[in-house]
Amino acid sequence: MYRHFFKRAIDFTIVLIALLIIWPILAIVMICLHFANKGAGVFFLQPRPGKDGKIINVIKFKTMTDECDAEGNLLPDEKRLTKIGRFIRSTSLDEFPQFINVLKGDMSIIGPRASLACALSSYEEDEKDKMLARPGITGYTQAYYRNGLSVREKRLAD
């Protein structure tokens, strides 16, 4: 019963209260990103597998521009990352728009990290169990190991 009702209700309530408190900070970040990204938007949608493998669009702040070279190819990430974007990533502020995903019911506050959609095909059978739960904004692996594990170890630990 906790997994099906209470966890969702707790996630929803916490996120709603958090958004009511931090909305001024998010508004400032959005204004800064609007100018840093030269009007190209402040949000970035990334398809990722959610509960039961259903693809969801994870919402993040857009920390890079859409600048292209002469052939129309995107410039390398390090050239497109803005100064404000670097700060937003280093402080993990880019994760806050995922609160919208929690309100929609696509994600949870704490749960297994959502992998990239292209990684689904490389999952082994023992890694697919994480698809039984809603993905989380944060989880055990991210909190305790950050970058200290291999990709497979992270997928198994979540």
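Residues numbered from 1 in each chain as written. Predicted model: local features only at pLDDT ≥ 70, side-chain atom pairs only at ≥ 80, totals over all residues. Heavy atoms only, no water.

Draft legend 1. Just the overall build of the protein chain, in detail. The number of helices and strands found in the protein chain is 6 helices and 4 strands. Reading the protein chain from its N terminus to its C terminus gives the helix and strand order α-β-β-α-α-α-β-β-α-α. Across the 158 residues of the protein chain, 37% fall into the buried class. For the protein chain, long-range pairs separated by at least 24 residues make up 62% of all intrachain contacts whose partners lie at least 6 apart in sequence. Counting every atom, the protein chain has about 9,800 Å² of accessible surface; 63% of that belongs to carbon and sulfur. (Helix = DSSP H or I, 4+ residues; strand = E, 2+ residues; numbered from the N terminus. Buried < 20%, exposed > 50% of the residue type's maximum accessible area, 1.4 Å probe, protein only. Contact = heavy atoms within 4.5 Å. Areas by Shrake-Rupley, 256 points an atom, 1.4 Å probe, with all protein chains shown as cover.)

Draft legend 2. Local environment of the pattern of salt bridges. What the rule picks out here adds up to 8 salt bridges. Measuring nitrogen to oxygen at the nearest pair gives 3.7 Å for the salt bridge that ties D52 to K51. Residue D106 is joined to K104 by a salt bridge in which the shortest nitrogen-to-oxygen separation is 3.5 Å. On the basis of relative accessibility, which here comes to 16%, the residue D106 falls in the buried class. The exposure class of K104 is exposed, given its relative accessible area of 52%. The structure contains a network of salt bridges with shared partners spanning K60, E95 and R113. (Salt bridge = Lys/Arg side-chain N within 4 Å of Asp/Glu carboxyl O.)

Draft legend 3. Local environment of the confidence of the model for the protein chain. Taken as a whole, the protein chain shows an average pLDDT of 84; of its residues, 83% reach a score of 70 or greater. At the low end of the mean pLDDT range in the protein chain sits helix α6 (residues 151-157), at 56; at the high end sits helix α4 (residues 98-104), at 96. (pLDDT = per-residue confidence, 0-100.)

Draft legend 4. Structural context of the pairing of strand β2 (residues 55-61). When you tally the buried positions in β2, you get 5 out of 7 residues, the bulk of the element. Bridge analysis of strand β1 (residues 43-49) against β2 gives 7 bridges, and the strand direction is antiparallel. Its bridge partner lying in β2, P47 is registered against N57. Where β1 folds back on β2, the antiparallel hairpin that results is connected by 5 residues, among which D52 adopts a positive phi of roughly 60 degrees. (Pairing = 2+ DSSP bridges.)

Draft legend 5. Inspection of a nonpolar patch on the surface at higher detail. On the surface, a nonpolar cluster with roughly 380 Å² of combined accessible area is contributed by F5, F6, I10 and I14. Structurally, F5 is set in helix α1 (residues 2-36). (Patch = residues over 30% accessible without salt bridge, like charges linked within 9 Å, V, L, I, M, F, W, Y side chains within 5 Å.)

Draft legend 6. Seen up close, the packing of aromatic side chains. Inspection of the entire model under this criterion finds 2 aromatic pairs. Here the aromatic rings of F43 and F61 are separated by 5.7 Å at their centres, their planes lie at 15 degrees, and the arrangement is stacked. Here F43, found in strand β1, pairs with F61, found in strand β2; they are 18 residues apart in sequence, far enough to count as distant. Ring geometry for F96 and F99: centres 5.3 Å apart, planes at 85 degrees, overall edge-to-face. With relative accessibility at 12%, the residue F99 sits in the buried group. (Phe/Tyr/Trp six-rings, centres within 6.5 Å; stacked < 30°, edge-to-face > 60°.)

Draft legend 7. Structural view of unusual backbone geometry. In the Ramachandran plot, D52 falls in the positive-phi region, its phi being about 60 degrees despite a non-glycine side chain. For D52, the position within the fold is in the loop between β1 and β2. The class for D52 is exposed, based on a relative accessible area of 57%. In this structure, S92 is a non-glycine residue whose phi angle is positive, near 60 degrees.

Draft legend 8. Focus on the environment of F43. According to the relative accessible area criterion, F43 is partly exposed, its value standing at 37%. Counting along the chain gives 18 residues from F43 to F61, while the straight-line C-alpha distance between them is 4.6 Å. In contact with F43, other than residues within four places in its own chain, are M30, I59, K60, F61, K62 and P97.

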